[in-house]
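As a plain string of letters, each chain reads:
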Amino acid sequence: MEHYLAEAPPPADVLDPHVELARFPIKTFLTTNYDNLMAEALRGVARDPQVAASRLVLGRSYGSEVVDPTPGRPLVYHLHGNWDNPDEIVLTDDDFIDYQHGMVSAAASGEPMPLPEQVVDAITGSPLLMIGYSLQDWAFRVLYSSLLSKLRRTRRSISVQLVTTLNGNADAEERATKYLKQYLDGWNISIFIGSGERFFHELRTRMGAS
């Protein structure tokens, strides 16, 4: 897959990644956002999503009960909670520490993850398309690392990644991009340098050509 510089101008017809994702027969959507944009996009293309979220209660994370997702009734799971239950979301620094500690402790001890089985299966048994994350962010890196011991990495995952502008220093940005690619390659992740909108434009072009 070609790589683009983050500062390149976006295409004129900007795409909404939520809407583009909703068009694919994906069964499980995971998000660390608190909003319901993904569920709304799915309803917009006549799919009937079930929405569930992790709950952080007294410093402990709990997974909601869900049913097995299907293409017609996909699962949208909020890993850090959503605004429907503001008292139970992962928001403060202490919340993130408690949440990550629970994930890491479960992975280290072999205990069940504090997530629904369907969510763990989706993360560990399928290639992931990660959009809108910074994989340099500790919150996501700890969550992902806690599942590496269970990950069946027979197929590569993809991260759509923006590289932070380093005061206009093109050489530093190139080195940062090279380091990021090498770092994520150890996790069997390929990266696409650019915005989510640009990724879907590229995907549309390639799908049209094939």
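Coordinates for the structure precede this section.
Quantities reported herein were computed from a predicted structural model and do not represent experimental measurements.

**Topic: the overall build of the protein**
Summing up its helical and strand segments, the protein has seven helices and eight strands in all. Here the protein, with 210 residues, has 42% of them falling under the buried criterion. A sequence separation of at least 24 residues applies to 71% of the contacts in the protein between residues at least 6 apart. For the protein, the computed accessible surface area is about 11,800 Å², with 53% contributed by carbon and sulfur atoms.

**Looking at the pattern of salt bridges**
Any two side chains of opposite charge can pair, on the condition that their charged atoms come close. Evaluation of the coordinates by the stated rule reveals five salt bridges. The salt bridge involving E20 is made with R23; its shortest N-O contact spans 3.8 Å. The buried category is assigned to E20, whose relative accessible area is 6%. Residue D48 pairs with R73 through a salt bridge whose shortest N-O separation is 3.2 Å. Placement of D48 in the loop between α2 (37-44) and β2 (50-53) and of R73 in the loop between β4 (60-62) and β5 (75-78) is noted, with a sequence separation of 25 residues between them.

**Some thoughts on helix α4 (residues 117-125)**
Where α4 is concerned, the buried positions are Q118, V119, V120, A122, I123 and T124. On its buried face, α4 is in contact with β1 (28-31) and β5.

**Here's the deal with the packing of aromatic side chains**
Applying the stated criterion to the full structure yields three aromatic pairs. Summarising the aromatic geometry, the rings of F192 and F199 are spaced 5.3 Å apart at their centres and angled 80° between planes, so their arrangement reads as edge-to-face. Under the relative-accessibility criterion, F192 is labelled buried at 0%. Residue classification places F199 among the buried positions, given a relative accessible area of 4%. Three or more aromatic residues joined by ring pairs form one cluster here, namely F192, F199 and F200.

Rules and cut-offs
- Residues numbered from 1 in each chain as written.
- Predicted model: local features only at pLDDT ≥ 70, side-chain atom pairs only at ≥ 80, totals over all residues.
- Heavy atoms only, no water.
- Helix = DSSP H or I, 4+ residues; strand = E, 2+ residues; numbered from the N terminus.
- Buried < 20%, exposed > 50% of the residue type's maximum accessible area, 1.4 Å probe, protein only.
- Contact = heavy atoms within 4.5 Å.
- Areas by Shrake-Rupley, 256 points an atom, 1.4 Å probe, with all protein chains shown as cover.
- Salt bridge = Lys/Arg side-chain N within 4 Å of Asp/Glu carboxyl O.
- Phe/Tyr/Trp six-rings, centres within 6.5 Å; stacked < 30°, edge-to-face > 60°.

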